[in-house]
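Below, each chain spelled out in residue letters.
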Amino acid sequence: LRRVGLIQSEATGPVLIGRPDAGAILRLQSFLSRNGHPHHLIDPSAESVAATMLEHAGASASDVLVVLPDGAVLRNPPEDELASRRKHRDRKIG
């Protein structure tokens, strides 16, 4: 959790936790990139803390966790949920 917190504090966008070749990761990365949203990917096979987060969330190895800058953790979110959360965050800042 400490590593995710450090990354989260340095990044302005969500942290994606999952296998880099997973379809859901590719879908979410594409969505975020297409819309100009910065994000960071952590591979649970390379970072033990990411594997621990998946385990604590009751997620399987094929699941994706998204840690938002406000600390919320989403499991396998659809693009529209990320967009909605981003718009809500932008209204608070702006």
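What counts as what
Residues numbered from 1 in each chain as written. Predicted model: local features only at pLDDT ≥ 70, side-chain atom pairs only at ≥ 80, totals over all residues. Heavy atoms only, no water. Salt bridge = Lys/Arg side-chain N within 4 Å of Asp/Glu carboxyl O. Helix = DSSP H or I, 4+ residues; strand = E, 2+ residues; numbered from the N terminus. Buried < 20%, exposed > 50% of the residue type's maximum accessible area, 1.4 Å probe, protein only. Pairing = 2+ DSSP bridges. Axes fitted to C-alpha atoms, helices over the stretch in contact; angles between N-to-C directions. Contact = heavy atoms within 4.5 Å.

K.L.:
With reference to specific residues and values, describe the pattern of salt bridges.
P.N.:
Applying the stated criterion to the full structure yields 4 salt bridges. Ionic pairing is found between Glu-81 and Arg-85, a salt bridge with its closest N-O pair at 3.8 Å. Taken as a pair, Glu-81 and Arg-85 lie in helix α4 (residues 79-93) at a separation of 4 residues, close to a single helical turn. Arg-85 gets classed as partly exposed once you look at its relative accessible area, which sits at 34%.

K.L.:
Mind laying out the sheet that holds strand β4 (residues 73-75), listing which residues take part and the relevant values?
P.N.:
The 4 strands are arranged β2-β1-β3-β4 in an open sheet whose pairing can be described as mixed. The open sheet is flanked by β2 (40-42) and β4, the only strands paired with a single partner. Strand-to-strand twist across the sheet, computed as the mean angle between neighbouring axes with direction ignored, equals 20°. Pairing between strand β3 (residues 65-67) and β4: 3 bridges, direction antiparallel. Paired with Leu-65 across the strands is Arg-75, a residue of β4. Strands in contact with helix α2 (residues 23-34) are β1 (15-17), β2 and β3; relative to β1, the strand with the most contacts, it is inclined by about 165°.

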